Structure formats: C-alpha cells, structure tokens
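Here are the chains, one letter per residue:
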Amino acid sequence: MGIFEQNKRRAIRHNCNSQFEWTYFNKNDVFECVMLNCHSSGGYFESSIRPIPGATIFLRLKDSDTVSMTCGNDGQLRSATLAKVKWCHRIMRSQEALYGVGVKYYEHY
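Residues numbered from 1 in each chain as written. Predicted model: local features only at pLDDT ≥ 70, side-chain atom pairs only at ≥ 80, totals over all residues. Heavy atoms only, no water.

Engineer: Would you mind showing me how to read the nonpolar core here?
Structural biologist: Among soluble globular proteins, nonpolar side chains are generally buried collectively. Counting 19 residues, the largest nonpolar core has F45, I57, L59 and V103 as the members making the most contacts within it. Elements with a contribution of two residues or more to this core: β1 (14-24), β2 (31-39), β4 (56-61), β5 (80-93) and β6 (96-105). Discounting residues that sit within four places of it in the chain, I57 has contacts with W22, T23, Y24, F25, F45, T81, L82, A83, V85 and V103. (Core = buried A, V, L, I, M, F, W, Y, C linked by side-chain atoms within 4.5 Å. Buried < 20%, exposed > 50% of the residue type's maximum accessible area, 1.4 Å probe, protein only. Helix = DSSP H or I, 4+ residues; strand = E, 2+ residues; numbered from the N terminus. Contact = heavy atoms within 4.5 Å.)

Engineer: I would appreciate a short explanation of the side chain of T81 in the present structure.
Structural biologist: Assignment of secondary structure puts T81 in strand β5. A distance of 3.0 Å separates polar atoms of two side chains, one belonging to T81 and the other to R78. Ignoring any residue separated from it by four or fewer positions in sequence, one finds T81 in contact with I57, F58, L59 and Y105. (Polar contact = N/O pair within 3.5 Å; in protein donor to acceptor, adjacent residues only side chain to side chain.)

Below is the structure:
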C-alpha cells in the first residue's frame, strides 16, 4: 500500500484475527476468510478465493470465540454485514495463493 493510500484513511484500523465466511449477495457458494483488521466503515480480509472488485458481498462471523478483543470490544467488527469489495490483491505465501481484500461496509440504520 502506498503512502497516498495510507493518508486517505479516515478511521483507525484495529487488528483482529477472526474467522469469517463470505458469499456474493444472493448467491449460494460460501467461502472462508480471515478478517485481519477492521474499522468503523470497513475491513481487510484474506481469502483463497478472489472476490470481484465492485461486487456486493455478505460477510458473516463464523465463531464469536475467535474474535480478538481489540477488534470486537468497540463495535468495529460486525458479526454480519453487507460490504462492497473496494480492491483485491494477490498475495503469495509459500505455495499458497491468497487474496488480500479491502471492503467498505454498507451503512446500516
């Protein structure tokens, strides 16, 4: 991530390491992911499946016992939410290909 992108951030990121699953909105296939940081309006997760940038996805916490206290205490981490995929980058770790994904939550009222 470049300096410019870091300076655009309006919210402080909170580290977390929580097991989630995601699916395209109104689709049946479900994919696992790990939410690594979150903030009041979005988050970052890693998945072995590449979501399409611009797509609306549904994210759901798999197990509330996996929520990091730093992320879960102040309402930054949503247990279930709709989000828009803002960007997706391929990450190489050993033999495993992963995708780093930035999402923006849809407002809820």
